[in-house]
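What follows is the residue order along each chain.
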Amino acid sequence: EVRVILPEGVSDIELSTPYPVKRDKDDKHYTYLDTTGRTVIVMRSQGDLTENHIQNFDLQFKYAHRTMLLEPLLLVSAFFLLFLLSIIYVRLDFSIRVDEGAEAKMKVAGYLEKVATLQDRRNALYQSIEDAMVKFKSNKDNNSFQSALKRIGGDYKVETQAIAELLTTVKNINPELGDKVGELQRLDRVYRDLQAQQTALVEKLVSGKIVKAAYLDQENGLVKKKEETMEKINSVRAF
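All of the points below concern the structure found in this document. (Residues numbered from 1 in each chain as written. Predicted model: local features only at pLDDT ≥ 70, side-chain atom pairs only at ≥ 80, totals over all residues. Heavy atoms only, no water.)

## Examining the nonpolar core
Heads up, the condition is: To define a nonpolar core, start from buried Ala, Val, Leu, Ile, Met, Phe, Trp, Tyr and Cys residues and group those joined through side-chain atoms within 4.5 Å. Note on classification: 1.4 Å probe, protein chains only; a residue is buried when its accessible area is under 20% of the maximum for its type, exposed when over 50%, partly exposed between these limits. The helix and strand labels rest on DSSP assignments: H or I over at least four residues marks a helix, E over at least two residues marks a strand, and numbering proceeds from the N terminus.
Counting 32 residues, the largest nonpolar core has L112, V115, F145 and I233 as the members making the most contacts within it. Those elements giving two or more residues to this core turn out to be α2 (100–139), α3 (142–173), α4 (175–207) and α5 (212–237). Per-element tally for this core: the top contributor is α2, with 10 residues. By size, the runner-up hydrophobic cluster in this structure holds 6 residues, among which are V4, L6, I41 and L59.

## Some thoughts on the pattern of salt bridges
The condition is simple: Each salt bridge in this description consists of a side-chain nitrogen of Lys or Arg and a carboxyl oxygen of Asp or Glu lying within 4 Å of one another.
Summed over the entire model, instances satisfying the criterion amount to 13 salt bridges. Close ionic contact of E1 with R3 constitutes a salt bridge, the shortest N to O distance being 3.9 Å. By relative accessible area, which is 46% here, R3 ends up partly exposed. One network of salt bridges, with partners in common, ties together E1, R3, D24, D27 and R44.

## Some words on a nonpolar patch on the surface
Rules: Surface patches are drawn from residues lacking salt bridges whose relative accessible area is over 30%; two like charges belong together within 9 Å, two nonpolar side chains (Val, Leu, Ile, Met, Phe, Trp, Tyr) within 5 Å. Areas reported as accessible are Shrake-Rupley estimates using a 1.4 Å probe. Residue values count occlusion only from the protein chains shown.
A cluster of nonpolar side chains, contributed by Y32, L33, L70, L74, L75, F79, L82 and F83, occupies part of the molecular surface with about 780 Å² of accessible area. Mapped onto the secondary structure, L82 falls in helix α1 (residues 70–91). Look at L82 and you get partly exposed, because its relative accessible area is 47%.

## Observations concerning α2
Basically, it comes down to this: Here a helix's expected span is defined as the number of its residues, less one, multiplied by 1.5 Å.
With 40 residues, α2 extends 58 Å between its outermost C-alpha atoms, agreeing within 8% with the 58 Å of an ideal straight helix rising 1.5 Å per residue. Looking at the residues trailing α2, positive phi occurs at K140, about 60°.

## What to know about unusual backbone geometry
In the Ramachandran plot, D12 falls in the positive-phi region, its phi being about 50° despite a non-glycine side chain. Positionally, D12 belongs in strand β2 (residues 11–16). Residue classification places D12 among the partly exposed residues on the basis of a relative accessible area of 49%. Residue K140 is not a glycine yet carries a positive backbone phi of 60°. Position of K140 among the secondary structure elements: in the loop between α2 and α3. The class for K140 is partly exposed, based on a relative accessible area of 48%.

Below, the structure written as structure tokens:
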């Protein structure tokens, strides 16, 4: 068996031998930097060989000269790509860093959302007091009324204390937003005082210490002030 390895990229192969041989199917041989592989011509004798068979054979093929540049170009391209990747790796920063500014904004947004939720709970407690006053004017049951006020007042202190703690936290991160939470607390105290005045007025009405006409006149003034204050609270609450 005779195997002839030709350069990579040859075409139009023609084999001429001085005596009959069997040509097997062409094979491929790969070495470094090869892409398509080198054609291998495989020949076999059809009988026993003697010294007379030691003769030259003719093998012709076409080989484009530009193909000789393929391997050097591949080598140059590989080194160029390696250097390019090295430059990119050195110049770019792939480390994971936390954007402190964005993280702070996210934290403040979370705190403000908690403040808004707590304010909604205080508003619900105010409505509970309104309902208790309506019921008290109807059934005149002072013990039940005072018990409801005490229970609601306890819940109110819990919600207000929670907002006060958040106020300190927010102010340390963002003083401007902290001032808004402080303004919310101030307006809430104003509303609380107005409702306390209304509660005392209802107690006077039920106990007969004030006539209904005077009660209605004073209550209308308090209700108007409460509505104005609640509008301001809702405006600040939006942050």
